[in-house]
Amino acid sequence: MKQQNMFKIASLGIQHVLAMYAGAVIVPLIVGGALGLSGEQLTYLVSIDIFMCGIATLLQVWRNKFFGIGLPVMLGCTFTAVGPMIAIGGQYGISAIYGSILISGIFVVAISKYFGKLVRFFPPVVTGSVVTIIGITLIPVAMNNMAGGQGSPDFGSLSNIGLAFGTLLFIIVLFRFFKGFIRAIAILLGLGAGTIVGYFMGMVDFSAVTEASWFHMPAPFYFGLPTFELSAILTMILVALVSLVESTGVYFALGDICEEKLEEKDLENGYRAEGIAIILGAIFNAFPYTTYSQNVGLLQMSGVKSKNVIFTAGFFLVLLGLMPKVGALTTIIPTPVLGGAMVAMFGMVVAYGIKMLSKVEFSSQENLLIIACSVGMGLGVTAVPELFSQMPSSIRILTDNGIVAGSLTAIALNLVFNVFKAEEEAQQTSFAGRKVS
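For every chain, the first residue of its written sequence is number 1, and the numbers climb from 1 along that sequence. The model is predicted, so local features are restricted to residues of pLDDT at least 70 and side-chain atom pairs to those at 80 or more, both for listing and for counting; the totals for chains, interfaces and linings are taken over all residues. Note: side-chain values were computed over all heavy atoms of the structure, leaving out hydrogens and water.

As annotated in an unreviewed UniProt entry, the chain carries the name Xanthine permease and comes from Mesobacillus stamsii. UniProt positions are given in the numbering used here, feature names are shortened, and annotations may be inferred rather than shown by experiment. If you open the UniProt record of the chain and go to Sequence similarities (unreviewed entry), you find "Belongs to the nucleobase:cation symporter-2 (NCS2) (TC 2.A.40) family."

Novice: Just checking my understanding: could you explain the overall build of the chain for this structure?
Specialist: Helix numbers and strand numbers start at the N terminus; a helix is a DSSP run of H or I with at least 4 residues, a strand a run of E with at least 2. For the chain, the helix and strand inventory stands at 19 helices and two strands. Counting only residues that meet the buried cut, the chain has 52% of its 437 residues in that class. Of the roughly 19500 Å² that the chain leaves accessible, carbon and sulfur atoms contribute 67%. Residue burial is assigned from relative accessible area. The probe radius is 1.4 Å, only protein chains are included, and a residue is buried under 20% of its type maximum, exposed over 50%, and partly exposed in between. What sets the accessible areas is the Shrake-Rupley method with a 1.4 Å probe; for residues, cover comes only from the shown protein chains.

Novice: Is there a simple way to explain the side chain of Ser-104 in this structure?
Specialist: For Ser-104, the position within the fold is in helix α4 (residues 94-111). On the accessibility criterion, Ser-104 (1% relative accessible area) is buried.

Novice: So what exactly am I meant to see when it comes to the state of the cysteines here?
Specialist: Among covalent bonds in proteins, the disulfide is the one between the sulfur atoms of two cysteines. Cysteine sulfur atoms that pair up within 2.5 Å are treated as a disulfide. Scanning the model with the defined rule gives zero disulfides in all. Cys-77 provides the cysteine sulfur closest to Cys-53, a residue in no disulfide bond, and the two sulfurs are 4.9 Å apart. A relative accessible area of 0% means that Cys-53 is categorised as buried.

Novice: Help me out: how do you make sense of unusual backbone geometry in this one?
Specialist: You will see that Phe-221, though not glycine, has its phi angle at about 50 degrees, which is positive. Locating Phe-221 in the fold gives a position in the loop between α10 (207-211) and α11 (230-257). Since its relative accessible area comes to 29%, Phe-221 is described here as partly exposed. Although it is not a glycine, Asn-285 adopts a positive phi angle of roughly 60 degrees. Looking at where Asn-285 falls in the secondary structure, it is placed in the loop between α12 (264-283) and β2 (289-291).

Novice: Any chance you could explain the packing of helix α9 (residues 186-200) against helix α16 (residues 335-357) here in plain terms?
Specialist: A packed helix pair is summarised by two numbers, namely the angle formed by the two axes and the spacing between the axes. Lines fitted to the C-alpha atoms define the axes, with helices restricted to the stretch that makes contact. Angles between their N-to-C directions range from 0 to 180 degrees. Between α9 and α16, the shortest axis-to-axis distance is 9 Å and the interhelical angle comes to 160 degrees. Of the possible angle classes, the one that applies to α9 and α16 is roughly antiparallel. Note on packing geometry: the crossing formed by α9 with α16 is right-handed. Two secondary-structure elements touch here, α9 through Ile-187, Gly-190, Leu-191, Gly-194 and Thr-195 and α16 through Val-337, Leu-338, Ala-341, Ala-344 and Met-345. Just so you know the grouping, Ala, Val, Leu, Ile, Met, Phe, Trp, Tyr, Cys and Pro go in nonpolar, Asp, Glu, Lys and Arg go in charged, and all remaining residues, Gly too, go in polar. Here the residues of the contact of α9 with α16 are counted per class, giving seven nonpolar, three polar and no charged. Geometric relationships in this document are graded by angle, where less than 35 degrees denotes roughly parallel, more than 145 denotes roughly antiparallel, 65 to 115 denotes roughly perpendicular, and other angles denote oblique. Helix crossings fall into two classes, left-handed where the near helix is turned counterclockwise from the far one by less than a right angle and right-handed where it is turned clockwise. Note on contacts: a residue pair qualifies if any of its non-hydrogen atoms lie within 4.5 Å across the two residues.

Novice: Would you take a moment to explain α9 for this structure?
Specialist: Here α9 is 15 residues long and its end C-alpha atoms lie 22 Å apart, about the 21 Å a rise of 1.5 Å per residue gives. Considered for burial, the residues of α9 that qualify are Ala-186, Ile-187, Gly-190, Leu-191, Gly-194, Thr-195 and Gly-198. Down the axis of α9, the smallest arc covering the buried residues is 165 degrees, so these residues share one side. Relative to its buried face, α9 has exposed residues pointing more than 90 degrees away, namely Ile-196 and Phe-200. Following α9 by one or two positions, Gly-202 has its phi on the positive side, about 75 degrees. The span expected for a helix works out to 1.5 Å for each residue beyond the first. Summarising the geometry, the arc corresponds to the directions from the helix axis toward the C-beta atoms.

Novice: Can you help me understand the pattern of salt bridges in this one?
Specialist: Note on pairing: side chains with opposite charge can pair once their charged atoms come close. Salt bridges are defined by distance alone: a side-chain nitrogen of Lys or Arg within 4 Å of a carboxyl oxygen of Asp or Glu. Under the definition given, this model contains two salt bridges. Lys-265 is the salt-bridge partner of Glu-268, the closest N and O atoms lying 3.8 Å from each other. Separated by three residues within a single helix, Glu-268 and Lys-265 lie in helix α12, roughly one turn from each other. Take Glu-268: its relative accessible area is 9%, and that puts it in the buried class. Glu-268 is the salt-bridge partner of Arg-272, the closest N and O atoms lying 2.7 Å from each other. Of this pair, Arg-272 and Glu-268 both sit in helix α12, four residues apart, roughly one helical turn. Judged on exposure class, the residue Arg-272 and its partner Glu-268 are both buried. Put simply, Lys-265, Glu-268 and Arg-272 are held in one network by salt bridges that share partners.

The structure is reproduced here in structure tokens:
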């Protein structure tokens, strides 16, 4: 009986790993590919990311006085950070990516006690706009990869385009005809099927797998010591704040599922665990980490709410992350296959942003203007990056990046139209009440 129970916990843990695995590995593949990393570097990036997903999950599930919300939640690298990381790496180099992640993690730990009170400054009109902007800025990366990757000699060839669209079509078919677990890992299955087809087309190189070792230990600052750029830091802090808002929703959803009433201290510990995970991600050159909502859906489907299952999943991720050959397997995926999957993944980021915006009161012209100006500014600066080239460097820190420009526009306009306006109306009502009495 005990062995059967252990087998059940192990199988449910593996299921949770598979549900989040595609999301966990595609982020390093996209970022590493965009930054032009070598096969060896990309293998390390994938392996350390899987390892850190496990560590971040264990930190969050283990409830103690200082950190950990103690709910059955899985953590993984946030898609919200993909666009900013590529932009920062392209402008300042990979060391600036990890400098900005490190500072954002410290920032999250510092504000964890107070963030519950700051959530009102990040309503759906702000977070939805930010996520939509991030998704839109990622689409060009997907398009370039579909064609074979920028600078490739066969860019835009029929074989590249055919393989990319074939991968995307396969993912769509899985979503159309399957439900539950198959649908949850449709991206992973699409990448696998596309790679098999790519192998027969001569697009797969196994050298990274044969050269990778079976076991390695994580190396702090693998890509060198971090450097610090103010605009990069601001960008990553915005990403961290958006992730915290999303995580808050996941915490309350899990609280309902597990029938646990969350107190302010629980939320504080949850935020602090995420901050610690982000700091560790920077030190070991991985990624910012956040709660994975797909695993909440899996929790509901399975009906098993035990933390032991998530602890097991976390340990599996740690073990997988210590085996570079497993990480190297994901690096053999042809670029067009990645591009086809990216269209679905990045399109889902845009769609998720729109879903967040669906909670907005659209009858309010002020909210419409906030969305219009922030998305317009974010997309405009991304499309025409030299727009503010004549501005002083101190101002260009905030305007050179479309995500920062669009996000700050959304935050500022929300303050003007919603926060300050509500406070003024409350004061006027209070004054009128005193006058009447």
